Amino acid sequence: MYKQFKAQWPLHLMILPGLVFIIIYEYIPMLGIVMAFQNYIPALGITGSKWVGLDNFEYVFSLPDTTTVFMNTLIIAVMKIIAGLIVPITTALLLNEVRARLFKRAVQTMIYLPHFLSWVILSGILIDILSPSQGLVNQLLTWVGLEPVYFLGDNRWFRTVMVVTNEWKEFGFSTIVYLAALTSINPALYEAAVIDGAGRLRQTWHITLPGMRPIIVLLVTLSLGKVLNAGFDQIYNLISPQVYETGDIIDTMVYRVGLIEAQYSFATAVGLLKSVISLILISVSYWLAYRFANYRIF
């Protein structure tokens with residue numbers, strides 16, 4: 001063990017800054033979880049605040065909008081997971097068939113660029129594009145004889161807009177991951193399939209998709225652990241009181257009640273509840289990945 005560590009000490013030294021960062025910003029703040037079981041008052045601190053047990057959790061579930069908020073979070077997150085699986089895989093398969101390398105690289109670059117833009121910037125762009133009066137989308141709808149749609153102020157459209165815009169921003173990153181997975185598939189398998197008379201669709205179904213299965217299982221498993229994170233940055237910048245019925249999620253409710261109204265114990269209780277549920281979901285997804293795909297992540 002000592003000889004192995006001595007030989008690899010430069011590698012351990014390289015991960016030391018990241019390890020220190022995680023300890024300071026991820027593990028040490030976990031001590032504050034105790035606020036979920038207190039009536040936390042900043043002036044008294046953690047040690048001086050009154051212990052209330054599970055009262056904060058009872059308060060969370062007693063709020064009239066809690067069920068709606070949890071359902072909104074779950075629906076939006078699941079829709080994003082499904083879209084985040086179908087769109088990048090389809091795009092990667094299509095790009096893999098392109099033989100013009102310059103065109104392929106150009107498309108990869110264009111679809112990847114939105115990933116680097118913050119939702120603060122994109123929300124301003126989307127508000128202008130989707131404006132019911134002067135937005136480009138509604139101008140096109142009017143031009144073809146349809147009525148303008150208030151995409152960001154209509155409960156019937158808000159969830160769909162969140163999923164579509166999120167996928168437009170992020171699918172380029174996942175596409176590149178899947179394209180990298182395609183390069184690991186043995187070309188001899190395709191040659192054997194051609195000899196057997198398999199067309200492109202059969203090759204895709206029987207060779208390409210099974211070859212991509214490990215990375216698909218990995219990304220889906222990791223995404224299940226974030227099923228209660230429907231995207232605070234995006235929704236916070238685009239939501240309005242008109243669409244709270246279908247767009248208000250756990251994180252936006254916590255921001256309003258826990259931070260703006262200074263109910264820190266409430267915010268901590270919801271955060272702890274989310275973490276416990278996410279831990280259960282990701283544990284189940286790990287088991288399912290091994291049980292049905294014979295794939296171990298760790």
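Residues numbered from 1 in each chain as written. Predicted model: local features only at pLDDT ≥ 70, side-chain atom pairs only at ≥ 80, totals over all residues. Heavy atoms only, no water.

1. Describing the overall build of the chain
Logical step 1: The secondary structure content of the chain amounts to 14 helices and two strands.
Logical step 2: Burial analysis of the chain (298 residues in total) assigns 38% to the buried set.
Logical step 3: Across the chain, the fraction of contacts at a sequence separation of at least 24, relative to all contacts at a separation of at least 6, is 63%.
Logical step 4: When the accessible surface of the chain is totalled, it reaches about 18700 Å², and 68% of it is carbon and sulfur.
Logical step 5: Distance from the positive charge centre (19 side chains) to the negative charge centre (17 side chains) of the chain: 15 Å. (Helix = DSSP H or I, 4+ residues; strand = E, 2+ residues; numbered from the N terminus. Buried < 20%, exposed > 50% of the residue type's maximum accessible area, 1.4 Å probe, protein only. Contact = heavy atoms within 4.5 Å. Areas by Shrake-Rupley, 256 points an atom, 1.4 Å probe, with all protein chains shown as cover. Lys, Arg positive; Asp, Glu negative; His and termini not counted. Charge placed at Lys NZ, Arg CZ, Asp CG, Glu CD.)

2. Details of the packing of helix α4 (residues 66-96) against helix α8 (residues 158-182)
Logical step 1: Relative to each other, α4 and α8 sit at 40°, their axes nearing to 7 Å. In this view, α4 runs oblique relative to α8, as classed from their interaxial angle. The element α4 and its partner α8 pack so that their crossing is right-handed.
Logical step 2: Considering only residue class, the contact of α4 with α8 consists of 17 nonpolar, seven polar and three charged. (Axes fitted to C-alpha atoms, helices over the stretch in contact; angles between N-to-C directions. Parallel < 35°, antiparallel > 145°, perpendicular 65-115°, else oblique. Left-handed = near helix turned anticlockwise from the far one by under 90°. Nonpolar A, V, L, I, M, F, W, Y, C, P; charged D, E, K, R; others polar.)

3. Considering the pattern of salt bridges
If charged atoms from side chains of opposite charge come close, those side chains can pair.
Logical step 1: This structure, assessed with the given rule, holds five salt bridges.
Logical step 2: Notably, a salt bridge pairs Lys169 with Glu170, separated by 2.9 Å at the nearest N-O pair.
Logical step 3: Classification of Lys169 by relative accessible area gives buried; the value is 6%.
Logical step 4: Note on Glu170: relative accessible area 23%, which makes it partly exposed.
Logical step 5: With a shortest N-O distance of 2.7 Å, Asp251 and Lys274 are connected by a salt bridge. Here Lys274 lies in helix α14 (residues 264-293) and Asp251 lies in helix α13 (residues 250-260), a separation of 23 residues in the sequence. Both residues of the pair, Asp251 and Lys274, count as buried. (Salt bridge = Lys/Arg side-chain N within 4 Å of Asp/Glu carboxyl O.)

4. Brief notes about the packing of aromatic side chains
Logical step 1: Applying the stated criterion to the full structure yields twelve aromatic pairs.
Logical step 2: Seen from their ring centres, Phe61 and Phe70 are 6.4 Å apart, and the 20° between their planes marks the pair as stacked.
Logical step 3: Take Phe70: its relative accessible area is 17%, and that puts it in the buried class.
Logical step 4: On the numbers, 5.0 Å between centres and 70° between planes, the contact of Tyr236 with Tyr255 is edge-to-face. Of the two residues, Tyr236 sits in helix α11 (residues 232-238) while Tyr255 sits in helix α13, which places them 19 residues apart along the sequence.
Logical step 5: Owing to a relative accessible area of 39%, Tyr236 belongs among the partly exposed residues under this scheme.
Logical step 6: An aromatic cluster of three or more residues is present, and its members are Phe37, Trp51 and Phe57.
Logical step 7: One Lys or Arg, Arg256, reaches over the ring of Tyr244 and ends 4.6 Å from the middle of that ring. (Phe/Tyr/Trp six-rings, centres within 6.5 Å; stacked < 30°, edge-to-face > 60°. Lys NZ or Arg CZ within 6 Å of the ring centre and 35° of its normal.)

5. A closer look at the environment of Thr68
Logical step 1: You can see Thr68 is positioned in helix α4.
Logical step 2: For the pair formed by Thr68 and Tyr190, sequence separation is 122 residues and the distance between their alpha carbons is 49 Å.

6. Observations concerning the nonpolar core
Logical step 1: Leu152, Phe158, Met162, Ile235, Ile250 and Phe266 are the most contacted members of the largest nonpolar core, which has 38 residues in total.
Logical step 2: Elements that contribute at least two residues to this core include exactly α3 (55-62), α4, α6 (119-129), α8, α11, α13 and α14.
Logical step 3: Excluding residues within four positions of it along the chain, Phe158 makes contact with Phe151, Leu152, Ile235, Leu238, Ile239, Val243, Thr246 and Gly247.
Logical step 4: Membership of the second largest hydrophobic core comes to 19 residues, among which are Ile111, Tyr178, Leu182 and Met212. (Core = buried A, V, L, I, M, F, W, Y, C linked by side-chain atoms within 4.5 Å.)

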